[in-house]
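Each chain, written out:
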Amino acid sequence: MLVKEAIAKVKERKPNAYSDEALLDYINECEAMIQRELYLETPEEIIQYEYPDGLEEELILPSPYSMVYVTYAIMMIQYNQEEIAAYNNSNEMFAAQLEEAQKYYNRQNENRRTVYVTNWFA
């Protein structure tokens, strides 16, 4: 999914007065979280999209997992508008979508960087 497609889906599913730049900020937050938590990127390696040039960029998660960006942006809009019940529902949906994306990523990258712990006290 392209960044501009994610922004369009947010506007379609949750009509709002937020600018494309503000919605891009939410998408960048979600993208940074995905890169840090799933891909284990360092802060220096995290990709962020600029407005307007970044609108044509492809988001990291493939379809159908790319809907996590849309859900996150909608969730943040609901939070800022103090729609607490809707926010809680979106938060649960976001967590479920992120978990599915993580499972997909783990299946595809079984040889990814891992942390090994040695128990010196045993």
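Residues numbered from 1 in each chain as written. Predicted model: local features only at pLDDT ≥ 70, side-chain atom pairs only at ≥ 80, totals over all residues. Heavy atoms only, no water.

Participant: It is not clear to me how the packing of aromatic side chains should be interpreted in this structure. Could you clarify?
Facilitator: Geometry of an aromatic ring pair is reported as the spacing of the ring centres plus the angle between the planes. Tallied over the entire structure, the rule returns 5 aromatic pairs. On the basis of an interplanar angle of 25° and a centroid distance of 4.7 Å, the ring pair of Tyr65 and Tyr104 is categorised as stacked. Highlighted residues: Tyr65 in the loop between α2 (20–37) and α3 (67–80) and Tyr104 in helix α4 (residues 84–108), separated in sequence by 39 residues. Judged by its relative accessible area of 17%, Tyr65 falls in the buried class. For Tyr104, a relative accessible area of 25% corresponds to the partly exposed category. (Phe/Tyr/Trp six-rings, centres within 6.5 Å; stacked < 30°, edge-to-face > 60°. Helix = DSSP H or I, 4+ residues; strand = E, 2+ residues; numbered from the N terminus. Buried < 20%, exposed > 50% of the residue type's maximum accessible area, 1.4 Å probe, protein only.)

Participant: Is there a simple way to explain the nonpolar core in this structure?
Facilitator: Here is a general trend for soluble globular proteins: nonpolar side chains tend to be buried in one another's company. One finds Ile34, Leu59, Leu61, Val68 and Tyr69 to be the most contacted residues of the largest nonpolar core, which totals 31 residues. Among the elements that line this core, the one with the most residues is α3, at 9 residues. Beyond its immediate chain neighbours, meaning those up to four positions away, Tyr69 contacts Ile27, Cys30, Glu31, Ile34, Leu59, Ile60 and Leu61. (Core = buried A, V, L, I, M, F, W, Y, C linked by side-chain atoms within 4.5 Å. Contact = heavy atoms within 4.5 Å.)

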